[in-house]
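Chain residues, written in single-letter form:
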Amino acid sequence: MWPNTILIISLILVMDCYSKTISQNSGHDFWDETEPFGQSTAVAADLRLPKSVQPSFYRLKLKADLEKSKFTGDIYITIKANEKVKEIILHSKGLIIDKNATLTEQIYENVQTIQSSKVKRQVNESSIESTSQNTTNNDVTEFPMLNSTLESEPATISPVNTQVIHSNVRNIKIISITESTGDRLVLALASALVPDIDYTLKLSFEGNISNSLTGFYKSTYKDSNNEIREMGVTQFEPTSARAAFPCFDEPAFKAKFEISIAHPQNMSVLSNMKISTEESVPGEPNWQWTHFERSVDMSTYLVAYVLCDFKYLETSYTARDNITKTIRVWTQPAFISKANYALNITPKLLAFYEDVFGVPYALDKIDLIAIPDFSSGAMENWGLVTFRETTLLFDEKEGVPGEKRGVAIDVAHELAHQWFGNLVTMKWWTDLWLNEGFATYVEYIGVNHIEPEWNMFVTLTRDKMTLLRSDSLKNTSPVSRKVIDASEISQKFDEISYTKGANLIRMLNNTISEELFLKGLAIYLDTWKYRNAEENDLWKAMSQATRSTDSLKDVSIVSFMNSWTRQAGYPVVNVKRDYATGNVVFEQRLFCSSPSPYTNMEKQIWQIPISYTTTDVPHEQWSLTPKLWLKERSVTEKLNLKSDHAIYVNVGAIGYYLVNYDQKNWELLSQALKSGAIDDPITKAQLIDDSFNLAKTNRLEYSYALGLTSCVVNGEDSKIVWEMLLDNMSFLKHNLKSTSGYLYFQDYMRLLLAKQLEKLNYGLSKPADDNEALLVENLLLWECMVEGPRCLHWAKAEFRKWMEQTDVNDNPIPSYLRSLVYNVAIKYGGREEFEFLWNIFQNSTDPTVKTLIISNLPSTREASLITFLLEKSLTDIPKQYAALAWSTDVPASTRLAQNFLINNFDRVYQVFTNLDSFTFPNILNMVFGFISDTDELDKLKRFALQHKEKLLPMSQTLQKIVDSANLRITWIRKYSLGINEWFKNYMQEHTQQNTTTVEPEWTQNITISISDSNTTASSR
Ligand SMILES: [Zn+2]
């Protein structure tokens, strides 16, 4: 799955490895600073399914009635016991289970299936027990069962009969079916199942096609005649397959699926596998059965089906196994032209992944479909990948570089899952990171292959640097952390699993070499295909690959990687040189942004591969390969370094750690940076970023970090340098906003931006390429954020031009700058601008337009308009846009949103938790994520305690917000005065001569002329 990046705010985490139950009453009525929120509650009961009964095959027959929002179904599950048990426990959630369930010992005789036939097996007479004893059961729902014989399949679907049951079947009496905690359905049997014999459990069930965004749900869209069209969609990960049919809904219970769906004839039906046959439904004119081929062994969360009236574009590619495989991209008919980009890159990515992994794509077809109402970014269902419309569709004419990149990334991610996740699956959600970290790492490799000029590894490095900030919070959690209860699973879909996982894998790759890494991957995939693995299975495969390499024979991949995946946070490596002797001490310590980290975390030791170079070595000769290992608290190495040149550690920023140096070395680095001796963008970005992280936690003086930022004052072309610099400045901006020195900060930022903006013609010329377009957008955004008069004037004028068009569809604003322009127009405008955009939001059917507008409307400063938006998010705003209405401006508007949430908690909670388990935590992040004073923090703590039971499943989000608030509050007290002074002094020293010259003349005549055909790079 790919989280919706728009909604995910980049502060993450937290973590306890302990579980909690929602119903626990802790007895605490105060916020306990000594342990994470919710941890004091008792450990949850183990609600996992017993392993004594295993499914191997599901025959699912479903009738889907969209009009009535109902479905009915029959499921035949082939199960086997591995010990004598008198109970079958599986999952079911919100389904009505018919009482005529049957359990039959399976006797195969000439059983015809679509793909294979089975051989007759002798019936084990002793396995049949007959009993009529009663059991007592205290649970609520109980259906006494009659001993019934298994009926043969209805004649209506005879062409695909897969279970021709012999007439001499033996039934096991089911005494009761009981709903139990944890969505469990408990079937008590009159006699025990005998090990190693196949039984068929038949259950009939019905349920509602839901209005949420999980399970089997309804999505709608307006067609070209403005009529509402309905469709049926599934989203099962992590635990919603059980809401669509009874099943063993844990990833390790892999089985084959054969699915048939009855539906109105005028709809298309898609599922994981190809269609095998279609036939009419007797007695129901205009209805038909669509039967799908039998699947490979797969986990329940990957099952999918969709009913729609969409169109598709088709292509194909010849796979490694020489089979030509069909690729279709589906969308509502009006958007079909936007499906081209995804259609173009999918075969390239599949073929590339096959080459890299050495394993062919496992199925015969793949469908990619854009769903109008969708919760996350995309979902990797095997053979039927579902996407949010904005993550699959790209408008070559109007689309902007960021959107195209988003589509490439999401498609590359979900296709990578077809191997990592689908073919080899994690055993349990504890190892979710294996799925997500790998898919994330591979997504960068994939996009880098199809769009090399985007420099995706620079982006990966940037994402790592951004994550290092939240991974230093006190309550961060390890990549691999125990999940006991299903309610904890959704918290694992965070940046730790995705981005940290990806960067740890990258560090491994860099340490052992690409060649051995790919060899290890191929071993892993081949060994574990169609099965479930744990992280150490992967490390063992890597060890197999590296075994015969001399330089690696002393490295235990298992203990190296466990030190990174099983310990929370990361280290800072302190490098201290003795300039007289040439000795260098490398020492590791936990890097935590809190002054009082947990003692057990302070004791952590990582196995750190260390690469280094010196500033007298030309950049072309820098090596990324680690030269030494730091596996203890510290090591001393005698290195022959020239004392007037700096040592630079963690070359290329590939290692997942920060580096601090002695003062003299920092000065040498700073000189090298300013003199241009260091001109590698990643190194520049890394030094700036490391120095800010160190300064923030009192490990380095702020003057070093701030001093480094001035290296861009004469212009800087690199996107990553600006991104890291501005990211760090953003932390300062939020914190200084309410201080008197904020004006100096604004002046300093305008000065930093001036030269580069001038160089880029203030963003008024057409960008040279996608990278430049993204840089221009970022710089202009900042120019407006620090209230540069030129930018504000320009943005307001652009918006006014649009408002004056006779047809609002003629939007004259360059598409890649629209977000920025809307934001400024709304922030500095009033009701008129707001209503103009609100009306377009309501009338547009284009998800890109809607997303852009709803993301910017909350920047209004009018209290009444904020309240209007928040109210509408609970009623009128379509599901997947509703949360975006909460992304209000900090701090004034977020305070309004906080009070709205507190005063309307029950309504807000209900609306958003009914959608899925991800949206409400996002709302909390948006509303409380930027707390910078104790009053607000106390307000949050009171709120959290008041609603503790409901908020426990998002305990990590809350704890992370509190950590981040504590960091800000302490920071403001400690640093704001000194930093304001630094900006003031800098400006006094540097601006007399050039403040007036850097501000360009505003010329009304300048217009941005970008012809439509040139706004985006053509696809390659
Ligand atoms: Zn994913």
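Coordinates for the structure precede this section.
Residues numbered from 1 in each chain as written. Predicted model: local features only at pLDDT ≥ 70, side-chain atom pairs only at ≥ 80, totals over all residues. Heavy atoms only, no water.

(A) Region of the structure containing the packing of aromatic side chains. Scanning the model with the defined rule gives 60 aromatic pairs in all. Note on Phe-236 and Tyr-305: the rings are 6.1 Å apart at their centroids and 80 degrees apart in plane angle, and the pair reads as edge-to-face. Here Tyr-305 lies in strand 16 (residues 305-308) and Phe-236 lies in the loop between strand 11 (228-235) and strand 12 (256-264), a separation of 69 residues in the sequence. For the pair Phe-236 and Tyr-305, a shared accessibility class is recorded, and that class is buried. Seen from their ring centres, Phe-799 and Trp-802 are 5.8 Å apart, and the 90 degrees between their planes marks the pair as edge-to-face. A residue pair is termed a helical-turn pair when its members lie 3 or 4 positions apart in one helix, as Phe-799 and Trp-802 do in helix 17 (residues 789-803) at three residues. When its relative accessible area of 2% is taken as the criterion, Phe-799 is described as buried. Ring pairing ties together the aromatic residues Phe-352, Tyr-353, Phe-357, Tyr-361, Trp-419, Phe-420, Phe-438, Tyr-441 and Phe-517, which thus form one cluster. (Phe/Tyr/Trp six-rings, centres within 6.5 Å; stacked < 30°, edge-to-face > 60°. Helix = DSSP H or I, 4+ residues; strand = E, 2+ residues; numbered from the N terminus. Buried < 20%, exposed > 50% of the residue type's maximum accessible area, 1.4 Å probe, protein only.)

(B) Expanded view of the side chain of Ser-844. The topology assignment puts Ser-844 in the loop between helix 19 (831-843) and helix 20 (847-856). One polar contact links the side chain of Ser-844 to the main-chain amide nitrogen of Asp-846, over a distance of 3.0 Å. For Ser-844, the contacting residues outside a window of four places in its chain are Val-849 and Lys-850. (Polar contact = N/O pair within 3.5 Å; in protein donor to acceptor, adjacent residues only side chain to side chain. Contact = heavy atoms within 4.5 Å.)

(C) Up close: the environment of Thr-214. For Thr-214, the location among the structural elements is in the loop between strand 9 (198-208) and strand 10 (215-222). Counting along the chain gives 30 residues from Thr-214 to Ala-244, while the straight-line C-alpha distance between them is 9.6 Å.

(D) Local environment of the side chain of Ser-497. Within the secondary structure, Ser-497 is located in helix 6 (residues 495-512). For Ser-497, the side chain forms a polar contact with the main-chain oxygen of Lys-492, separated by 2.8 Å. Excluding anything up to four places from it in sequence, Ser-497 contacts Leu-432, Trp-433, Glu-436, Gly-437 and Lys-492.

(E) Structural detail: the sheet that holds strand 18 (residues 324-331). Strand order in the open sheet made by the five strands is 17-18-19-21-20, with mixed pairing throughout. The open sheet has two free edges, formed respectively by strand 17 (311-318) and strand 20 (378-379), since each of these has just one partner strand. Packing of helix 1 (residues 340-357) onto the sheet brings it into contact with strand 17, strand 18 and strand 19 (365-371), and relative to strand 17 it is tilted by some 25 degrees. Against the sheet, helix 3 (residues 401-417) makes contact with strand 19, strand 20 and strand 21 (384-388), and its axis sits at roughly 150 degrees relative to strand 21, the strand it touches most. (Pairing = 2+ DSSP bridges. Axes fitted to C-alpha atoms, helices over the stretch in contact; angles between N-to-C directions.)

(F) Summary view of helix 9 (residues 557-565). Taken across its nine residues, helix 9 has seven buried, putting it largely inside the fold. Within the sequence span of helix 9, burial applies to Ile-557, Phe-560, Met-561, Asn-562, Ser-563, Trp-564 and Thr-565. Contact partners of the buried residues in helix 9: helix 4 (432-450), helix 6, helix 8 (535-546), strand 24 (571-577), strand 26 (608-610) and strand 28 (628-630).

(G) Main features of the pattern of salt bridges. If you walk through the whole model with that rule in mind, you get 43 salt bridges. Here Arg-229 and Asp-223 are joined by a salt bridge, their closest N and O atoms 3.3 Å apart. The class for Arg-229 is partly exposed, based on a relative accessible area of 31%. Asp-223 sits in the buried class, given a relative accessible area of 15%. (Salt bridge = Lys/Arg side-chain N within 4 Å of Asp/Glu carboxyl O.)

(H) Main features of the sheet that holds strand 31 (residues 658-661). Sheet architecture is open: four strands sit in the order 29-25-24-31, paired in mixed fashion. Each having just a single partner strand, strand 29 (634-638) and strand 31 make up the two edges of the open sheet. Mean inter-strand twist for the sheet, computed between neighbouring axes without regard to direction, equals 20 degrees. Bridge analysis of strand 24 against strand 25 (residues 583-590) gives seven bridges, and the strand direction is antiparallel. Residue pairing across strands places Val-572 opposite Arg-589, the latter belonging to strand 25. Packed on one face of the sheet, helix 12 (residues 681-696) meets strand 24 and strand 31 and runs near 75 degrees to strand 31.

(I) Quick peek at the state of the cysteines. The final tally for this structure, using the stated rule, is one disulfide. Two residues, Cys-784 and Cys-791, share a disulfide whose sulfurs are 2.1 Å apart. On the sign convention where negative means left-handed, the S-S torsion of about -80 degrees between Cys-784 and Cys-791 marks this disulfide as left-handed. Looking at Cys-784, the relative accessible area reads 4%, which means it is buried. Residue Cys-791 is classed as buried on the basis of its relative accessible area of 0%. (Disulfide = S-S within 2.5 Å.)

(J) Geometry of the environment of Ala-351. Inspection of the secondary structure puts Ala-351 in helix 1. Residue classification places Ala-351 among the partly exposed positions, given a relative accessible area of 29%. Residues Ala-351 and Tyr-361, ten residues apart in the sequence, show an inter-C-alpha distance of 8.6 Å.

Taken by themselves, the reported measurements are silent on function.
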